[in-house]
Amino acid sequence: MSEKPRGEEKYTPTCLEWLTVMLNSTFQYYDIERDGFDLVYLPGKDGESIQMVVSHYANVDEERMSKGVESGERAALSLAESYNWNSWINVEVDFREIR
């Protein structure tokens, strides 16, 4: 009997893993070269939050980035609500300047 390749092994993601996969695959509007920033969603270490990592250049248009972050937070909370997870999910923003 042959074993399945490792990539075909069954895996059940956690709620946070699923939410971040969906967010990263669905809500990618920003381009670092065009907009001066981008954002990526990661599962929080506390098991109840999403970490939104915002990477940006020093000369980024702060107002545009701020609007993008607000939009990203709304998208995360809206998607969490569609799964009825909005009662426990939090969004934390982590700004990281690219040097």
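Residues numbered from 1 in each chain as written. Predicted model: local features only at pLDDT ≥ 70, side-chain atom pairs only at ≥ 80, totals over all residues. Heavy atoms only, no water.

### Quick word on the sheet that holds strand β1 (residues 37-43)
Now for step 1: Pairing in this open sheet of three strands is mixed, and the strands run β1-β2-β3 from one edge to the other. Edge strands, defined here as strands with exactly one partner in the open sheet, are β1 and β3 (90-98). This sheet shows a mean twist of 20° between the axes of neighbouring strands, independent of strand direction.
Now for step 2: Here seven bridges tie β1 to strand β2 (residues 49-57), and the two strands are oriented antiparallel to one another. When the bridges of β2 are listed, Leu42 appears paired with Gln51. (Pairing = 2+ DSSP bridges. Helix = DSSP H or I, 4+ residues; strand = E, 2+ residues; numbered from the N terminus. Axes fitted to C-alpha atoms, helices over the stretch in contact; angles between N-to-C directions.)

### Digging into the side chain of Thr20
Now for step 1: Positionally, Thr20 belongs in helix α1 (residues 15-26).
Now for step 2: Here the side chain of Thr20 touches Glu17 through a polar contact of 3.0 Å, landing on its backbone oxygen.
Now for step 3: Aside from chain neighbours lying at most four places away, what touches Thr20 is Tyr41, Leu42, Pro43 and Ile50. (Polar contact = N/O pair within 3.5 Å; in protein donor to acceptor, adjacent residues only side chain to side chain. Contact = heavy atoms within 4.5 Å.)

### Notes on the packing of aromatic side chains
Now for step 1: Summed over all chains, the structure comprises three aromatic pairs.
Now for step 2: Each member of the aromatic cluster is reached from another via a ring pair, and the members are Tyr83, Trp85 and Trp88. (Phe/Tyr/Trp six-rings, centres within 6.5 Å; stacked < 30°, edge-to-face > 60°.)

### As for the nonpolar core
Now for step 1: Counting residues in hydrophobic clusters, the biggest one holds 19 residues, and the most contacted among them are Leu19, Leu23, Tyr41, Ile50, Met52 and Val54.
Now for step 2: For this core, the elements supplying multiple residues, two or more each, are α1, β1, β2 and α3 (62-82).
Now for step 3: Here this core gets six residues from one element, more than from any other, and that element is α3.
Now for step 4: Residue contacts for Met52: discarding those within four places in its chain leaves Leu39, Val40, Tyr41, Val69, Gly72, Glu73, Val91, Glu92, Val93 and Asp94. (Core = buried A, V, L, I, M, F, W, Y, C linked by side-chain atoms within 4.5 Å. Buried < 20%, exposed > 50% of the residue type's maximum accessible area, 1.4 Å probe, protein only.)

### Notes on unusual backbone geometry
Now for step 1: Positive phi values are uncommon outside glycine, yet Asn84 reaches one of about 60°.
Now for step 2: Inspection of the secondary structure assignment puts Asn84 in the loop between α3 and β3.

### Considerations on the pattern of salt bridges
In a structure, side chains of opposite charge can pair up when their charged atoms sit close to one another.
Now for step 1: Scanning all chains against the criterion turns up four salt bridges.
Now for step 2: Notably, a salt bridge pairs Asp35 with Arg34, separated by 2.8 Å at the nearest N-O pair.
Now for step 3: Judged by its relative accessible area of 6%, Asp35 is buried.
Now for step 4: Between Asp94 and Arg96 there is a salt bridge, with the nearest N and O atoms lying 2.8 Å from each other.
Now for step 5: When salt bridges with common partners are traced through the structure, they connect Arg34, Asp35 and Arg64 into a single cluster. (Salt bridge = Lys/Arg side-chain N within 4 Å of Asp/Glu carboxyl O.)

### Examining the pairing of β2
Now for step 1: With nine bridges joining them, β2 and β3 adopt parallel strand pairing. The partner of Ser55 across the bridge, within β3, is Arg96.
Now for step 2: In the classification by handedness, the crossover that spans β2, the intervening α3 and the parallel β3 is right-handed. (Right-handed = clockwise from strand over helix to strand, strands pointing away.)

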